[in-house]
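The primary structure of each chain is shown beneath.
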Amino acid sequence: MAAVGDGPWLDDAAGRLVRPFTISNGRTRPTIALDLMSQVRGTGETPLGYLGPEHAQALDVCRAPVSVAEVAAHLKLPAAVTKVLLSDLVDCGALTTKPPEFHHNPTDRALLEAVLDGLRRQL
C-alpha cells in the first residue's frame, strides 16, 4: 500500500519502489559543484525538455531559498541523487545556486553545540 502523498513511488512494506540511481539516470556526479549547505532557488523559468517528477518536486521545494540538504530531506532522496537533480535544474535555467557563506569556522564548538541542541529539541 502506498504511503499518503507519495503516490506509486513508495510502498509501506517494500519501501522505495524506484531505486535512487534510476531517478538520476544512473548519474552519480552533478554537473556543477554543490555543497550540502549551498542555497538553491527557483528562477521562475520553465525548464525545456522532459524532466521527471522528482525535478518538479524539487522546483516546488525551491520556491524560496533552501539548502541542498533540505531539498534532499523533502524529496526523501540521498544527497548525491538530489545534487544531480538540482544540477539538471541549474543547467536548464530553472534554478540558481549560491555557495554557503561562512561567517565563522564551520567546526566551531559553539556552533556544533547549537546545532545539536536544535536537533534535540526537534526530537
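What you see is a predicted model, and the numbers here were worked out from it, not measured in a lab.

J.: Explanation requested: the environment of Asp60 in the structure shown.
T.: Take Asp60: it is sitting in helix α2 (residues 53-61). Separated by 11 residues in the primary sequence, Asp60 and Val71 place their C-alpha atoms 9.8 Å from one another.

J.: Any chance you could explain the sheet that holds strand β4 (residues 66-67) here in plain terms?
T.: Note on sheets: strands pair through backbone hydrogen bonds, and any given pair is parallel or antiparallel. The antiparallel open sheet is built from three strands, whose spatial order is β4-β3-β5. Of all the strands in the sheet, the pair left with one neighbour each is β4 and β5 (95-98). With two bridges connecting them, strand β3 (residues 39-42) and β4 associate as antiparallel partners. In the sheet register, Val40 faces β4, and the bridge partner there is Val66.

J.: Would you take a moment to explain the packing of helix α3 (residues 68-75) against helix α4 (residues 79-91) for this structure?
T.: How two helices pack is summed up by the angle between their axes together with the distance between the axes. One can describe the packing of α3 onto α4 by two numbers: an axis separation of 9 Å at closest approach and a directional angle of 105 degrees. One element, α3, and the other, α4, form an angle in the roughly perpendicular class. From α3, Val68, Val71, Ala72 and Leu75 reach across to α4, where they touch Ala79, Thr82, Lys83, Leu85 and Leu86. Partitioned by chemical class, the residues of the contact of α3 with α4 number seven nonpolar, one polar and one charged.

J.: Can you help me understand the nonpolar core in this one?
T.: When a protein is soluble and globular, its nonpolar side chains tend to lie buried together. Within the largest apolar cluster, 16 residues are counted, with the highest numbers of intra-cluster contacts made by Val40, Ala58, Cys62, Val71, Leu75, Leu86 and Leu95. No other element matches α4, which puts five residues into this core. Those residues within four positions of Cys62 in sequence are excluded, and the remaining contacts are Val40, Arg41, Gly42, Val71, Leu86 and Leu95.

J.: Can you walk me through the packing of α2 against α3 in this structure?
T.: Taken N-terminus to C-terminus, the directions of α2 and α3 make an angle of 125 degrees; their axes are 10 Å apart at the nearest point. Viewed along their axes, α2 and α3 adopt a mutual orientation that is oblique. Read as a crossing pair, α2 and α3 show a hand that is right-handed. Across the interface between the two elements, Glu54, Gln57, Ala58 and Val61 from α2 touch Val71, His74 and Leu75 from α3. Residue composition of the contact of α2 with α3, by class: four nonpolar, two polar and one charged.

J.: Help me understand the pattern of salt bridges, please; the structure alone is not making it clear to me.
T.: When their charged atoms lie close together, side chains carrying opposite charge are able to pair. Under the counting rule described, the total for this entry stands at two salt bridges. Arg63 serves as the salt-bridge partner of Asp60, at 3.2 Å between the closest nitrogen and oxygen. The exposure class assigned to Asp60 is partly exposed, which follows from its relative accessible area of 42%. Between Arg109 and Glu113 there is a salt bridge; the shortest N-O distance is 2.9 Å. Of this pair, Arg109 and Glu113 both sit in helix α5 (residues 109-122), separated by four residues, roughly a single helical turn.

So, how was this worked out
Residues numbered from 1 in each chain as written. Predicted model: local features only at pLDDT ≥ 70, side-chain atom pairs only at ≥ 80, totals over all residues. Heavy atoms only, no water. Helix = DSSP H or I, 4+ residues; strand = E, 2+ residues; numbered from the N terminus. Pairing = 2+ DSSP bridges. Axes fitted to C-alpha atoms, helices over the stretch in contact; angles between N-to-C directions. Parallel < 35°, antiparallel > 145°, perpendicular 65-115°, else oblique. Contact = heavy atoms within 4.5 Å. Nonpolar A, V, L, I, M, F, W, Y, C, P; charged D, E, K, R; others polar. Core = buried A, V, L, I, M, F, W, Y, C linked by side-chain atoms within 4.5 Å. Buried < 20%, exposed > 50% of the residue type's maximum accessible area, 1.4 Å probe, protein only. Left-handed = near helix turned anticlockwise from the far one by under 90°. Salt bridge = Lys/Arg side-chain N within 4 Å of Asp/Glu carboxyl O.

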